[in-house]
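# Examination of the molecular architecture
Now for the letters of each chain:
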Amino acid sequence: MITASLVLYKSKVHEVVRVLECVEKSTISTVYVVDNSPTDALKDVVNKNSTKAVYLYGQGNVGYGEGNNIGIRKAMEAGSKYHAILNPDIIFKAEVIEHLVSYMDAHQDAGLIKPQLTHLDESFEGTAMLLPTPLDTFGRRLLPKTWVEKINDRFELRNQDLTVIRNVPIFSGSFLFIRTSVFEKIGLFDDRYFMYFEDFDLVRRIHKVSKTVFYPHDTIIHAHAAEHKTNKKLLMISIKSAIKYFNKFGWLFDSERRKWNKEALSDRSILE
């Protein structure tokens, strides 16, 4: 069984319809739609556009991570083998899910897999990444553009061969395809993050017990607005989450970060 969770908060109707259409065409059997919005105005949109959706409302705005946790718990109770974390602003073809399942079935040491992300204009979005340092996180907001580009070149592994499958330590949470049994080992999203960095936290915990695989042979479109860069409220939430992350894993001293980033920057991370 393949399940998915989709967390909504005042989401754009056309995006909700679009991602549900992708689910309908895929081999995903059930998508748990967790609506954190102040009203259930999206309920009819969900029910009219999906035969696979289980609409969940009434928990309040519990945040992105805890919203997904609600869906993950339902998936585990249902006996799901694989679980996809979906953002409303993604687009994927049905065969992508089939390819990811085939890879995971053949590689039992893989706990998570993620295809290459692209923007709507088909340009590549940074997908395979290193564990972030404080300089990566805050420097990209504060330093001159030329410095930021140098940071991004390293952080997003731009100088590595990204045409091959790699074991990398971090992905963003816009789309994650996870072996459901992994949650029994590492737990769910840390609900202390309201939004932002909960995905990095989860993926690095999965990386500790299994391979987290960058799969460049398929792509997913991410129509991403990056609102935290322009919205002051979201920016503050992002900064607070970053502080929680580094308080948890280490600011200057993070032995896992040092080890795993070194591996990701070498040919040892290549899986094919």
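Below is a short write-up of the structure. None of these values were measured; they are calculated from a predicted model.

Criteria and thresholds
Residues numbered from 1 in each chain as written. Predicted model: local features only at pLDDT ≥ 70, side-chain atom pairs only at ≥ 80, totals over all residues. Heavy atoms only, no water. Helix = DSSP H or I, 4+ residues; strand = E, 2+ residues; numbered from the N terminus. Rg over C-alpha atoms; globule rule 2.2 N^0.38 Å. Buried < 20%, exposed > 50% of the residue type's maximum accessible area, 1.4 Å probe, protein only. Contact = heavy atoms within 4.5 Å. Core = buried A, V, L, I, M, F, W, Y, C linked by side-chain atoms within 4.5 Å. Polar contact = N/O pair within 3.5 Å; in protein donor to acceptor, adjacent residues only side chain to side chain. Salt bridge = Lys/Arg side-chain N within 4 Å of Asp/Glu carboxyl O. Axes fitted to C-alpha atoms, helices over the stretch in contact; angles between N-to-C directions. Parallel < 35°, antiparallel > 145°, perpendicular 65-115°, else oblique. Nonpolar A, V, L, I, M, F, W, Y, C, P; charged D, E, K, R; others polar.

### A closer look at the overall build of the chain
- The helix and strand inventory of the chain stands at 10 helices and 10 strands.
- For the chain, the C-alpha radius of gyration of 18 Å lies close to 19 Å, the compact-globule estimate for 272 residues.
- For the chain, the C-alpha atoms occupy an extent of roughly 45 × 45 × 35 Å along the three principal directions.
- Burial statistics for the chain: of 272 residues in total, 57% are counted as buried.
- In the chain, the share of contacts with a sequence separation of at least 24, taken over all contacts with a separation of at least 6, comes to 78%.

### What to know about the nonpolar core
- If you look at the biggest cluster of nonpolar residues, it comprises 42 residues, and the most contacted ones within it are Ile178 and Tyr245.
- Those elements giving two or more residues to this core turn out to be strand E2 (30–35), helix H3 (64–78), strand E9 (175–179), helix H7 (182–186), helix H8 (198–209), helix H9 (232–249) and helix H10 (255–264).
- Broken down by element, the residue count for this core peaks at six residues, all from H9.
- Counting residues in hydrophobic clusters, the runner-up holds 38 residues, among them Ala4, Val23, Phe92 and Leu117.

### Notes on the side chain of Gln116
- Structurally, Gln116 is set in strand E6 (residues 110–118).
- Gln116 sits in the buried class, given a relative accessible area of 8%.
- Excluding residues within four positions of it along the chain, Gln116 makes contact with Phe124, Glu125, Thr127, Phe214, Tyr215, Pro216, Asp218, Thr219 and Ile220.

### Here's the deal with the environment of Asp89
- Its place among the elements puts Asp89 in the loop between strand E4 (82–86) and strand E5 (90–91).
- According to the relative accessible area criterion, Asp89 is buried, its value standing at 10%.
- Residues Asp89 and Arg258, 169 residues apart in the sequence, show an inter-C-alpha distance of 33 Å.
- Engagement of the side chain of Asp89 in a polar contact is seen with the side chain of His222, the distance being 3.3 Å.

### As for the side chain of Ser172
- Tracing the chain through its elements places Ser172 in the loop between strand E8 (166–167) and E9.
- Since its relative accessible area comes to 17%, Ser172 is described here as buried.

### Some details on the pattern of salt bridges
- Scanning the entire structure with this criterion turns up 14 salt bridges.
- Ionic pairing is found between Arg158 and Glu149, a salt bridge with its closest N-O pair at 3.2 Å.
- You can call Arg158 partly exposed: its relative accessible area is 37%.
- Take Glu149: its relative accessible area is 35%, and that puts it in the partly exposed class.
- Residue Asp190 pairs with Arg192 through a salt bridge whose shortest N-O separation is 2.7 Å.
- Residue class for Asp190 comes out buried when judged on its relative accessible area of 10%.
- Here the residues in one salt-bridge network are Arg140, Glu149, Asp153, Glu156 and Arg158, joined through shared partners.

### Considerations on the packing of H8 against H10
- Between H8 and H10, the shortest axis-to-axis distance is 12 Å and the interhelical angle comes to 70°. Overall, the two elements H8 and H10 adopt an arrangement that is roughly perpendicular. Facing H8, whose interface residues are Arg204, His207 and Lys208, H10 presents Glu256, Arg257 and Trp260.
- Here the residues of the contact of H8 with H10 sort into one nonpolar, one polar and four charged.

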